[in-house]
Amino acid sequence: MIRVLVADDQALLRGSFRLLIDSEDDLTVVAEAANGREAVALADRHSPDVVLMDVRMPEMDGITATRQISANTRVLILTTFDLDEYVYSALRAGASGFLLKDAPPDDLLRAIRVVASGETLLAPSVTTRLIAEFVRQPAKQVLRGLDTLTDREREVLTLIAHGLSNAELSVRLQVSPGTVKTHIGHLLAKLRARDRAQLVIAAYEAHLVTPG
């Protein structure tokens with residue numbers, strides 16, 4: 001069972017998300033938060049697998065809350081606009097995916113499952129443009145570990161930034177799925193990245209991939 005915390009300042013939306021999520025056999029809502037401060041407290045209390053996090057909320061915004069939660073829980077950012085300026089900061093805060101609030105219900109359910117499985121939701125319609133804009137912002141720290149990567153690891157990192165899944169990487173590189181996972185594990189360790197989203201950021205910051 002995938003346990004979900006819904007954080008949104010609109011009670012009607014929270015209720016709608018709960019009804020949708022609870023209708024699935026493998027998903028359940030364990031708590032609802034009306035602001036970021038509540039989200040942090042409830043995440044600590046319930047230890048959900050995924051937090052659906054609105055960006056703009058009173059008392060504490062979703063980005064600040066994500067920064068405090070993402071070390072232990074995967075966060076799926078919900079936003080009204082696919083180029084919401086606040087979402088860029090959520091990448092650095094540790095968000096594992098992004099979804100528009102007007103996305104079809106099936107997309108929301110799939111996104112929760114993808115993020116809960118340890119993958120990152122990198123939907124080209126949203127995340128590619130977010131990352132492209134994000135990398136134009138000044139980097140807060142120097143990228144470390146890039147010089148330790150092998151040529152093959154650089155190639156894998158580049159393909160990940162282009163949105164290829166593990167299965168697609170396996171076919172493209174003509175290696176086993178296990179070998180792909182090994183390469184990704186090395187990348188995460190060497191670049192001190194938490195997940196796939198941070199690997200994509202690293203690829204852009206290293207100019208292995210350029211926006212557009």
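Look up a bit, the structure's there.
Residues numbered from 1 in each chain as written. Predicted model: local features only at pLDDT ≥ 70, side-chain atom pairs only at ≥ 80, totals over all residues. Heavy atoms only, no water.

## A look at unusual backbone geometry
Applicable threshold: In DSSP terms, a helix is any run of H or I states spanning at least four residues, a strand is any run of E spanning at least two, and both are numbered starting from the N terminus. The buried label goes to any residue with under 20% of its type's maximum accessible area, the exposed label to any with over 50%, and the partly exposed label to all in between, with areas taken from a 1.4 Å probe on protein chains only.
A positive phi is found at glutamate 59, a non-glycine position, where the angle reads about 70°. Within the secondary structure layout, glutamate 59 lies in the loop between strand E3 (50–54) and helix H3 (62–69). Assessed through its relative accessible area of 60%, glutamate 59 is described here as exposed. Here the phi dihedral of glutamine 174 falls at roughly 60°; this positive angle occurs in a residue that is not glycine. Mapped onto the elements, glutamine 174 comes out in the loop between helix H8 (166–173) and helix H9 (177–190). By relative accessible area, glutamine 174 is classed as exposed at 74%.

## Observations regarding the pairing of strand E1 (residues 2–7)
Our working definition: The rule for pairing is simple: two strands pair if DSSP sees at least two bridges between them. For a crossover, the right-handed case is the one in which the path from the first strand over the helix to the second runs clockwise, viewed with the strands pointing away from the viewer.
Judged by how many residues are buried, E1 sits mostly within the fold: 5 of 6 residues are covered. Inspection of the sheet shows E1 paired to strand E2 (residues 27–33) by 6 bridges, in the parallel sense. Paired with valine 4 across the bridge in E2 is valine 29. In the classification by handedness, the crossover that spans E1, the intervening helix H1 (residues 11–22) and the parallel E2 is right-handed.

## Describing the packing of helix H7 (residues 151–161) against H9
Each pair of packed helices can be summarised by the angle the axes make with each other and by the distance between the axes. Our working definition: A fitted line through C-alpha atoms serves as each axis, taken over the contacting stretch for helices, and the angle formed by two N-to-C directions is quoted from 0 to 180°. An angle counts as roughly parallel when it lies under 35 degrees, as roughly antiparallel when it exceeds 145, as roughly perpendicular when it falls between 65 and 115, and as oblique in every other case. Whether two residues are in contact is decided by their heavy atoms, any of which lying within 4.5 Å being enough.
For the pair H7 and H9, the least separation of the axes is 10 Å and the interaxial angle reads 90°. Taken together, the axes of H7 and H9 are roughly perpendicular relative to one another. Two secondary-structure elements touch here, H7 through Arg152, Glu153, Val156, Leu157 and Ile160 and H9 through His183, Ile184, His186, Leu187 and Lys190.

## Topic: the pattern of salt bridges
This is how the line gets drawn: Think of a salt bridge as a Lys or Arg side-chain nitrogen and an Asp or Glu carboxyl oxygen that are within 4 Å of each other.
Applying the stated criterion across every chain yields a total of 10 salt bridges. A salt bridge links arginine 14 to glutamate 32; the nearest nitrogen and oxygen atoms lie 3.3 Å apart. Note that arginine 14 is positioned in helix H1 and glutamate 32 in strand E2, a separation of 18 residues in sequence. A relative accessible area of 27% places glutamate 32 in the partly exposed class. The partner of arginine 18 in a salt bridge is glutamate 32, with the nearest N and O atoms 2.5 Å apart. Of this pair, arginine 18 sits in helix H1 while glutamate 32 is found in strand E2, placing the two residues 14 residues apart along the sequence. Taken together, the shared-partner salt bridges in this structure form one network comprising Arg14, Arg18, Asp22 and Glu32.

## A short note on the sheet that holds E2
Strand order in the open sheet formed by 5 strands is E2-E1-E3-E4-E5, with parallel pairing between adjacent strands. This sheet does not close on itself; its edge strands, each paired only once, are E2 and strand E5 (97–100). With direction set aside, neighbouring strand axes in the sheet form an average angle of 25°. One ladder, built from 5 bridges, connects E3 with strand E4 (residues 74–79); its direction is parallel. Residue pairing across strands places valine 50 opposite arginine 74, the latter belonging to E4. Of the strands in this sheet, E3 and E4 are in contact with H3, which crosses E3 at around 160°.

## A few points about the pairing of E3
Taken across its 5 residues, E3 has 5 buried, putting it largely inside the fold. The alternating pattern of E3 places Val50, Leu52 and Asp54 on one face and Val51 and Met53 on the opposite face, and all of these are buried. In terms of strand pairing, E1 meets E3 through 4 bridges, oriented parallel. What sits directly across from alanine 7, in E3, is methionine 53. The β-α-β motif built from E3, the intervening H3 and the parallel element E4 has right-handed crossover chirality.

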